[in-house]
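Here is what each chain is made of, one letter per residue.
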Amino acid sequence: MKYAYYPGCAAKGAAPELHQATMKVVERLGIEVVELENFNCCGAGVITEADPDLAYTLNAKTLATAEAMGLSIMTVCGTCQGTLGGVNKLLQKDEALRNKINIALKQTTGLEYHGTVSVKHLQWILVKDYGLDKLEKAVTHPLTDLAIAPFYGCYILRPESATGFDNWENPQSLERLIKTLGAAPVPYEGRTKCCGFPVFLEKEEIALQMVGSRVGEAKVAGAHAMVTPCPLCHLSLDIYQDRALEKIKVVAEDTAAPMPILHLPQLLGLALGFSSEELGMKRHFVATDALSEKIF
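Residues numbered from 1 in each chain as written. Predicted model: local features only at pLDDT ≥ 70, side-chain atom pairs only at ≥ 80, totals over all residues. Heavy atoms only, no water.

Caption draft 1: Region of the structure containing the overall build of the chain. Of the regular secondary structure elements, the chain holds 14 helices and eight strands. Its C-alpha atoms give the chain a radius of gyration of 19 Å, near enough to 19 Å, the size a compact globule of 296 residues would have. Reported as C-alpha extents along the three principal axes, the dimensions of the chain are approximately 55 × 45 × 30 Å. Expressed as a percentage of its 296 residues, the buried residues of the chain come to 55%. Accessible area of the chain: about 12,700 Å², with a carbon and sulfur share of 52%. Measuring between centres, the 28 positive side-chain charges of the chain sit 3 Å from its 34 negative side-chain charges. (Helix = DSSP H or I, 4+ residues; strand = E, 2+ residues; numbered from the N terminus. Rg over C-alpha atoms; globule rule 2.2 N^0.38 Å. Buried < 20%, exposed > 50% of the residue type's maximum accessible area, 1.4 Å probe, protein only. Areas by Shrake-Rupley, 256 points an atom, 1.4 Å probe, with all protein chains shown as cover. Lys, Arg positive; Asp, Glu negative; His and termini not counted. Charge placed at Lys NZ, Arg CZ, Asp CG, Glu CD.)

Following this line, the structure appears as structure tokens:
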């Protein structure tokens, strides 16, 4: 099992603990990855709005690089999965567009994309390719007595035609992973809603309300922590949680204890026996010490 690893911007910049935890987990599970060198940003949908052809070309470069390696792509970012995966589906389906983009791609990089690559988030790989039965056998520290609120966010589910992985209305992949690790998944309404990250640039108060609602709902549902497959969701829910405290009070009366927010590879790593230090959890704004103590 071998993939071209596309870390994306956040895992190598704003949230390097995500990359750190990912490397620990894939090595322990025996998933071989070859990191794509000189990768560029997927554009997160923003470049597509301003210049679609530029966005298609940038993502085609990533796809063509992996194709030349004979590998499909593994992502660890829900936003990258939605954007890169969406462009991939479009280029695979629309031959005329692919030919057009290949002209620019060949002129700038010498590469050409033929549409043979799949883009899969680590979440997808574990459920569909690796297998939950095999993952369960690798667990050394079952997360027993932990209640974990899954937070999918937007891009890993939408549009469904681009991801083709889970039901965007009622996804279950994160819940299945949480159960496999020994924890109890917590159901709550906001698990598939936006974290507010893209809204902060324009409407900060609305974004804080969104963060407060997501965290508050998870608190009311009895979660000890939240887990997300998207680093941008992680940054939003973790960094802005303190500022969203007043908004959380509207949803949940008990706001004294902050809600730890984990990257998916960190939750996996804890169940595989790695310490919080090994998984980079000290970098989080919301402390995770109590959660680690509860596990170990």
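More follows now that the structure is in view.
Caption draft 2: Focus on the environment of Lys282. As for its placement among the helices and strands, Lys282 is situated in the loop between helix H13 (264-271) and helix H14 (289-295). Given the relative accessible area of 51%, Lys282 is considered exposed. For the pair formed by Lys282 and Leu232, sequence separation is 50 residues and the distance between their alpha carbons is 18 Å. Every residue in contact with Lys282, bar those within four places of it in the chain, is listed here: Ser276, Glu277 and Asp289. (Contact = heavy atoms within 4.5 Å.)

Caption draft 3: A look at empty space enclosed by the protein. A full pass over the atoms with the stated rule returns one cavity of 30 Å³ or more. When its volume is computed, the largest cavity comes out at roughly 30 Å³. In this structure, the largest cavity is lined by Leu36, Glu37, Asn38, Phe39, Lys61, Thr62 and Thr65. When its residues are assigned to classes, the lining of the largest cavity shows two nonpolar, three polar and two charged. (1 Å grid on protein atoms, 1.4 Å probe; cavity = no way out; pocket = protein on both sides within 12 Å on 5 of 7 lines; lining within 4 Å. Points joined across faces, edges and corners; volume = space filled by probe spheres on them. Nonpolar A, V, L, I, M, F, W, Y, C, P; charged D, E, K, R; others polar.)

Caption draft 4: Here's a closer look at the sheet that holds strand E8 (residues 261-263). Taken together, four strands build an open sheet; the order of strands is E6-E5-E7-E8 and the sheet is parallel. If you trace the sheet from one side to the other, it starts and ends with strand E6 (184-185) and E8, each paired once. For strand E7 (residues 225-228) and E8, the ladder comprises three bridges, and the chain directions are parallel. Bridging from a neighbouring strand, Met226 pairs with Ile261 of E8. Of the strands in this sheet, E7 and E8 are in contact with helix H11 (residues 231-239), which crosses E8 at around 165°. (Pairing = 2+ DSSP bridges. Axes fitted to C-alpha atoms, helices over the stretch in contact; angles between N-to-C directions.)

Caption draft 5: Quick look at the pattern of salt bridges. Following the criterion strictly, the structure yields 11 salt bridges and no others. We note a salt bridge from Asp53 to Lys100, for which the minimum N-O separation is 2.9 Å. Separated by 47 residues along the polypeptide, Asp53 in helix H3 (residues 52-69) and Lys100 in helix H5 (residues 95-109) bring together distant segments of the chain. Among the residues examined, Asp53 registers a relative accessible area of 29% and is labelled partly exposed. With its nearest N and O atoms 3.3 Å apart, the salt bridge here joins Glu189 to Lys193. On the accessibility criterion, Glu189 (60% relative accessible area) is exposed. Judged by relative accessible area, Lys193 falls into the partly exposed class, the value being 31%. Several salt bridges converge on common partners, so that one network encompasses Glu277, Lys282 and Asp289. (Salt bridge = Lys/Arg side-chain N within 4 Å of Asp/Glu carboxyl O.)

Caption draft 6: Structural detail: the layout of surface pockets. Considering only enclosed or pocket space, the largest pocket measures out at about 550 Å³ in volume. Residue lining of the largest pocket: 26 residues in total, with Ala44, Thr79, Tyr155, Phe197 and Leu232 positioned closest to the centre. Those elements giving two or more residues to the lining of the largest pocket turn out to be helix H2 (46-50), helix H4 (78-93) and H11. Partitioned by chemical class, the residues of the lining of the largest pocket number 21 nonpolar, four polar and one charged.

Caption draft 7: Representation of H3 within the structure. In this model H3 runs 26 Å from its N-terminal to its C-terminal C-alpha over 18 residues, within 8% of the 26 Å that 1.5 Å per residue would give. Along H3, the positions that sit buried rather than exposed are Ala55, Tyr56, Thr57, Asn59, Ala60, Thr62, Leu63, Ala64, Ala66 and Glu67. As for H3, its buried residues are in contact with strand E1 (2-6), H2, strand E3 (73-75), H4, H5 and strand E4 (119-121). Phi turns positive, to about 75°, at Gly70, one or two residues after H3. (Expected span 1.5 Å × (residues − 1).)

Caption draft 8: Region of the structure containing the packing of H4 against H5. The interhelical angle for the contact between H4 and H5, taken along N-to-C directions, is 110°, at an axis separation of 5 Å. For the element pair H4 / H5, the angle class is roughly perpendicular. Residues Leu90, Leu91, Gln92 and Lys93 of H4 touch H5, and the partners they reach there are Glu95, Leu97, Arg98 and Ile101. Its residues assigned to classes, the contact of H4 with H5 shows four nonpolar, one polar and three charged. (Parallel < 35°, antiparallel > 145°, perpendicular 65-115°, else oblique.)

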